[in-house]
Amino acid sequence: GSDNQTSSTMTAVQTGDDNIMYLDNHGDNNNFDAYQLHDNAVMDLEIDYDGNSVMAKQACSTTSCNRDTMTLNIFRADDNNVKMGQGYKVGSSGNFSYDNNEYGGHTMDLYITGDRNNVMLSQRSSNSSSGHNQDINIFSDDNNVHIMQENNNSKDITLTLNNDDNTVYMYQKKNHSHTATVTLGGSYGTNLSLQQGSNQSTSALSYSLNQSCVTVGGCSVSVTQE
C-alpha cells in the first residue's frame, strides 16, 4: 500500500510450506524487511508513516514446526526502529543469531503509536519446544526497549508503556514459567530492568508492576529473580 510514497523499500522472503504473510506500508523512507524460513508461520505487519525501520524474522529448523505468529503495527508514527525475531535471539547490539534447533510455537504482538522508539524483541525455544508469549504496547515517544525471552517453554510478558523517555530492559531465560506483567506511566522518565530465571531456575518466577511516576528526575526499578 502507498500514500504517494516515493522512497520506501519492502522485502518479503518466505521459504517452506503453509506460510502466510501480510504486508502494508504507508509513508516515505520506511525500510521493511520480513523473513519466514519456516513451515506453518504467520506474519501480519503494517507501517504508518515515515522514517520507520523494521526487521522481522521467524525461523524453524524441525521437520514439523509449531506455528509462529507475529504481528507488528506502528500506525501514524515516525522514525521507529524495530527488530523482532522468533527462533532468533536479538542481542543488545541488534544482531540476529540462530542456533538451528528451533521448534516454533511462539506468539508476539507489538503496537506502537509514537515516534523515535527503539525496540528489540526476541524469543526462541532452542532445545525445548514452544512456549513464550509477548504482547507489547507503547503509545509514546523516545523509549528504548529491549525484551528477550530465551529457551525452554512457558514464559509470558505483557508490557504497556505509555509515557516519554523510558528505558526498559527485560530478560527472561531458562526453564518453565516466568511471568512479567508491567504497566508504566507517568510524566517523567522511567528506567526498569527485570531479569528472571537467569540461573535456569525451575521456580514459577512471577512479577507484576503498575507504576505511575511523577517524581522529578524520573523513576528507576531493578528486579532480579534467579
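To be clear, the structure that these remarks concern was listed above.
Analysis parameters
Residues numbered from 1 in each chain as written. Predicted model: local features only at pLDDT ≥ 70, side-chain atom pairs only at ≥ 80, totals over all residues. Heavy atoms only, no water. Helix = DSSP H or I, 4+ residues; strand = E, 2+ residues; numbered from the N terminus. Buried < 20%, exposed > 50% of the residue type's maximum accessible area, 1.4 Å probe, protein only. Contact = heavy atoms within 4.5 Å. Areas by Shrake-Rupley, 256 points an atom, 1.4 Å probe, with all protein chains shown as cover. Salt bridge = Lys/Arg side-chain N within 4 Å of Asp/Glu carboxyl O. Disulfide = S-S within 2.5 Å. Core = buried A, V, L, I, M, F, W, Y, C linked by side-chain atoms within 4.5 Å. Pairing = 2+ DSSP bridges. Phe/Tyr/Trp six-rings, centres within 6.5 Å; stacked < 30°, edge-to-face > 60°. Lys NZ or Arg CZ within 6 Å of the ring centre and 35° of its normal.

Right, let's talk about the overall build of the protein for a bit. Each helix and strand counted, the protein has 0 helices and 21 strands in total. Looking at the protein residue by residue over its 226 residues, the buried ones come to 47%. Considering only contacts within the protein whose residues lie at least 6 apart along the sequence, 50% involve residues at least 24 apart. Split by element, the accessible area of the protein, about 9,400 Å² in all, is 39% carbon and sulfur.

In the structure shown here, the tally under the stated rule is 1 salt bridge. Across the salt bridge formed by R124 and D99, the nearest N and O atoms sit 3.9 Å from each other. With a gap of 25 residues between them, R124 in strand β13 (residues 118-124) and D99 in the loop between β11 (96-97) and β12 (107-111) connect regions that are remote in the sequence.

For the rest of this paragraph, the subject is the state of the cysteines. Covalently bonding the sulfur atom of one cysteine to the sulfur atom of another cysteine gives a disulfide. All told, the structure shown has 1 disulfide when counted by the stated rule. The disulfide partner of C60 is C65, and the S-S distance across this bridge is 2.2 Å. On the sign convention where negative is left-handed, the bridge of C60 and C65, at about -100 degrees about the S-S bond, is left-handed. There is no split in this pair, since C60 and C65 are both buried.

One can find H146 in strand β15 (residues 144-150). Of the residues examined, H146 reaches a relative accessible area of 7% and is grouped as buried. Sequence-distant contacts of H146, that is, excluding residues within four places in its chain, are made with V90, G91, S92, M120, V168, Y169 and M170.

The next point concerns the nonpolar core. Soluble, globular proteins show a tendency: their nonpolar side chains are buried together. Judged by nonpolar contacts, the single largest core of 35 residues is most densely connected at V82, L110 and M170. If we ignore the near neighbours within four places in the chain, the residues touching V82 are S53, V54, M55, L72, I74, L110, I112 and V119.

Among the secondary structure elements, V145 is positioned in strand β15. Taking the C-alpha atoms as reference, V145 lies 7.9 Å from N166; in sequence the two are 21 residues apart. Those residues in contact with V145 that sit more than four places away from it in its chain are N118, V119, M120, L159, L161 and V168.

Time to look at the pairing of strand β7 (residues 53-59). One ladder, built from 7 bridges, connects strand β4 (residues 31-37) with β7; its direction is parallel. Looking at β7, one finds that N31 is bridged to S53. One ladder, built from 6 bridges, connects β7 with strand β9 (residues 81-86); its direction is parallel. The residue bridging K57 from the neighbouring strand is G85, located in β9.

All chains considered together, the criterion is met by 3 aromatic pairs. Ring centres 5.1 Å apart and planes at 40 degrees place the aromatic pair Y88 and Y98 in the tilted group. Of this pair, Y88 sits in the loop between β9 and β10 (89-90) while Y98 sits in the loop between β11 and β12, and the two are 10 residues apart along the sequence. Clustering of aromatic rings is evident, with ring pairs tying together Y88, F96 and Y98. For the cation-ring pair, K57 lies above Y35, with the distance from its terminal atom to the ring centre recorded as 5.7 Å. Over the ring of Y88 we find K57, and its NZ or CZ is 5.5 Å from the ring centre.

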